[in-house]
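The primary structure of each chain is shown beneath.
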Amino acid sequence: MIKQIRKYAQEHQLTWDVKSNFAYGKYNGQAIGIWETNDQYLPAGNQPVRALKIAHVVKIWATTDDPMVIGTIQGYLQQMPGKVEFLQQTSYDGKLITAFFVTGGSGWAKRYTAAIDVFLRDVTNLCASYTVTTGCEFCKAPDQLGLYQINQVPYLVCPNCVQEVNQQASQSKAQFQAQGQGNVLSGIVGACLGALLGVVLWVIIYQLGYISMIGALALVVCAFKGYEVMGGHMTKLGIFICCVVSVIMLLFAEQICVALLIYDAFHAEEGISFFDAFRAVPYFLMEAEVLKAVLPDVLLGGLCVIGCGIERGIRVYKDRTGAVATRMITRFKN
Ligand SMILES: [Zn+2]
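1. A closer look at the nonpolar core
Thought 1: With 45 residues, the main nonpolar core has V58, I60, I97, F101, F119, L156 and V157 as its most contacted residues.
Thought 2: If we ignore the near neighbours within four places in the chain, the residues touching V157 are C136, E137, F138, L145, G146, Y148 and V162.
Thought 3: Within the second largest apolar cluster, 32 residues are counted, among which are Y206, C222, C242 and V305.

Set out below in C-alpha cells:
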C-alpha cells in the first residue's frame with residue numbers, strides 16, 4: 001500500500017490488512033474500506049477501467065430497501081467524478097457504494113488522500129441523513145458479517161454468501177475433475193494444427209522484421225486454442241503437450257525462415273526451389289556464422305514460448321478449476 005494511504009488510514013484509525021492491501025474501519029460512523037489495486041476492477045454497472053497506475057476502490061457499505069434513497073444517493077454519486085479529483089467512477093446498488101480513484105498527474109501525491117477524504121466526508125454525511133444500515137454486500141443480510149478476501153478482492157459478506165462462494169468453487173472443481181483427461185489424441189492434433197497456423201503467422205511476422213516475441217505469443221495461443229477446441233478442455237497434461245508442440249513448431253518456423261533466406265540468396269543464380277533451400281538448411285547451420293545469426297532468434301523465441309506457455313497454462317488452469325481463495329480478514333463488529 002502506498003505511504004499516503006497508510007498515513008491516511010493511521011490518521012483515521014482505520015485498520016490496515018497487509019495481505020489484502022486493504023484499510024477498513026469506521027468513518028463518520030459508517031463502515032468503509034479502501035482497497036489498493038493496480039488491476040482491472042469492475043464496479044457494478046460500470047464500464048471497465050484499465051488502471052495501469054495504482055488505483056483505489058473506496059467502499060462504503062450502505063444497505064437500504066428504499067428506492068427513493070437509492071435514487072438520491074445514485075444521483076449524488078453520478079455528479080461526483082467531475083468534481084472530485086482522481087475520482088473516475090462511482091456506483092451504488094442499494095448495498096454498496098463504490099468509488100474508483102486512480103493516481104497520477106503532476107504532484108498527485110500531495111492532493112490524493114485529500115480528494116478521497118472529500119469523497120468520504122460528503123458521501124457519509126449524505127448517508128447519515130437517511131436510514132441506511134450495514135449489511136452483506138451480496139444479499140443485504142445484517143448479521144454475523146465478516147470481511148473476506150475472495151479471489152484477492154475484499155468484501156463484507158454474511159456467512160451464507162461465503163458458504164455459497166465456496167460451494168460454487170468446489171462444485172466447478174468437481175465438475176472439472178469429472179471431465180477427466182478429455183480426448184488427448186484429438187487435443188494433440190488440435191495443438192499441432194493450431195501451432196501450424198502459428199508458424200504461418202511467425203514466418204509473416206519474421207518477414208516483416210519484427211522480434212520473435214509476438215510470433216511466439218501467436219504460436220502458443222494458437223496451440224492452446226487448438227488443443228482446447230479439439231481435445232475438449234485443458235488439463236495439466238494438455239498444457240505440457242501444448243508447450244512441447246510449441247517448441248517443436250518454433251524450430252520448424254525458424255527453419256522455414258532460414259530456408260527463405262537461402263532461397264532468396266540462391267534462387268536467381270542457381271535456380272533452386274524453396275524445397276531445395278529447406279533441405280539445405282542443416283548444411284548451412286553447420287557454418288558457424290549462420291548458426292551464430294540464427295541461435296539468438298531460436299533461444300529468444302524458445303524462452304518466449306516457454307514463458308508464454310507457463311503463463312497461459314496457469315491462466316487456463318485457474319479458469320477451469322474455478323479456484324477461489326477465500327480468507328477471512330476480520331469479523332465485523334457493528
Ligand atoms: Zn450475504
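2. Looking at the domain arrangement of the protein chain
Thought 1: Here the protein chain is described as being made up of domain 1 (3-134) and domain 2 (184-321).
Thought 2: The gap between the C-alpha centroids of domain 1 and domain 2 is 47 Å.

3. Thoughts on the packing of helix α1 (residues 3-11) against helix α3 (residues 108-128)
Thought 1: Interhelical geometry of α1 versus α3 gives an angle of 35 degrees and a closest axis separation of 10 Å. Here the hand of the crossing between α1 and α3 comes out right-handed. Taken together, the residues of α3 that come into contact with α1 (itself represented by Q4, I5 and Y8) are A109, Y112 and T113.
Thought 2: Its residues assigned to classes, the contact of α1 with α3 comprises four nonpolar, two polar and no charged.

4. Description of unusual backbone geometry
Thought 1: The phi torsion at Q13 lies on the positive side, around 55 degrees, for a residue other than glycine.
Thought 2: Inspection of the secondary structure assignment puts Q13 in the loop between α1 and β1 (15-17).
Thought 3: Taking the C-beta count within 10 Å as the criterion, Q13 has 9 such neighbours and is therefore assigned exposed.
Thought 4: Backbone geometry places F86, a non-glycine residue, at a positive phi of 75 degrees.

5. Describing the sheet that holds strand β4 (residues 55-61)
Thought 1: One open sheet holds the six strands; their spatial order is β1-β2-β3-β4-β6-β5, and the pairing between them is antiparallel. In this open sheet, the two edge strands, each paired with only one partner strand, are β1 and β5 (87-92). For this sheet, the mean angle separating the axes of adjacent strands, direction not counted, is 15 degrees.
Thought 2: In terms of strand pairing, strand β2 (residues 22-27) meets strand β3 (residues 30-37) through six bridges, oriented antiparallel. Each residue of the ladder has a partner; that of Y27, found in β3, is Q30.
Thought 3: Contacts from α3 reach β2, β3, β4, β5 and β6 (96-102), with the element oriented near 15 degrees to β4.

6. A short note on the environment of V203
Thought 1: Counting through the fold element by element, V203 comes out in helix α5 (residues 184-207).
Thought 2: On a C-alpha basis, the gap between V203 and R312 in space is 22 Å, while along the polypeptide they are 109 residues apart.
Thought 3: Filtering out sequence-adjacent residues up to four positions away, V203 remains in contact with A253, I256 and C257.

7. Quick notes on the sheet that holds strand β9 (residues 326-331)
Whenever strands of a sheet pair, they do so through backbone hydrogen bonds, lying parallel or antiparallel.
Thought 1: Sheet architecture is open: three strands sit in the order β8-β7-β9, paired in antiparallel fashion. Strands with a single pairing partner mark the edges of an open sheet, and in this sheet they are β8 (153-157) and β9. Each neighbouring strand pair of the sheet contributes to a mean axis angle of 30 degrees, computed without reference to strand direction.
Thought 2: Direction of pairing for strand β7 (residues 146-150) relative to β9: antiparallel, over a ladder of five bridges. Residue pairing for β9: Q149 is matched across the bridge by R327.

8. As for the pairing of β5
Thought 1: Taken together, the five bridges between β5 and β6 define a ladder with antiparallel strand orientation. Note that in β6 the partner of S91 across the bridge is T98.
Thought 2: The hairpin turn running from β5 into β6, its antiparallel successor, is three residues long, and G94 in that turn takes a positive phi close to 85 degrees.

9. Details of the pairing of β6
Thought 1: Most of β6 sits out of view: seven of its seven residues are buried.
Thought 2: Burial of β6 is two-sided: the residues L96, T98, F100 and V102 facing one way and the residues I97, A99 and F101 facing the other way are all buried.

10. Topic: the packing of α5 against helix α7 (residues 236-270)
Thought 1: Closest axis-to-axis distance for the α5/α7 pair is 8 Å, and the angle between their directions is 35 degrees. Between α5 and α7 the crossing geometry is right-handed. Across from V184, G187, I188, A191, C192, A195, L196, G198, V199, W202, V203 and Y206 in α5, the residues of α7 making contact are L237, G238, I241, C242, V245, S246, M249, F252, A253, I256 and C257.
Thought 2: Residue classes in the contact of α5 with α7 are distributed as 19 nonpolar, four polar and no charged.

Quick notes on the rules
- Residues numbered from 1 in each chain as written.
- Predicted model: local features only at pLDDT ≥ 70, side-chain atom pairs only at ≥ 80, totals over all residues.
- Core = buried A, V, L, I, M, F, W, Y, C linked by C-beta atoms within 7 Å.
- Buried ≥ 20, exposed ≤ 12 C-beta atoms within 10 Å, placed from the backbone.
- Contact = placed C-beta atoms within 7 Å.
- Domains from an automatic or database assignment.
- Axes fitted to C-alpha atoms, helices over the stretch in contact; angles between N-to-C directions.
- Helix = DSSP H or I, 4+ residues; strand = E, 2+ residues; numbered from the N terminus.
- Left-handed = near helix turned anticlockwise from the far one by under 90°.
- Nonpolar A, V, L, I, M, F, W, Y, C, P; charged D, E, K, R; others polar.
- Pairing = 2+ DSSP bridges.

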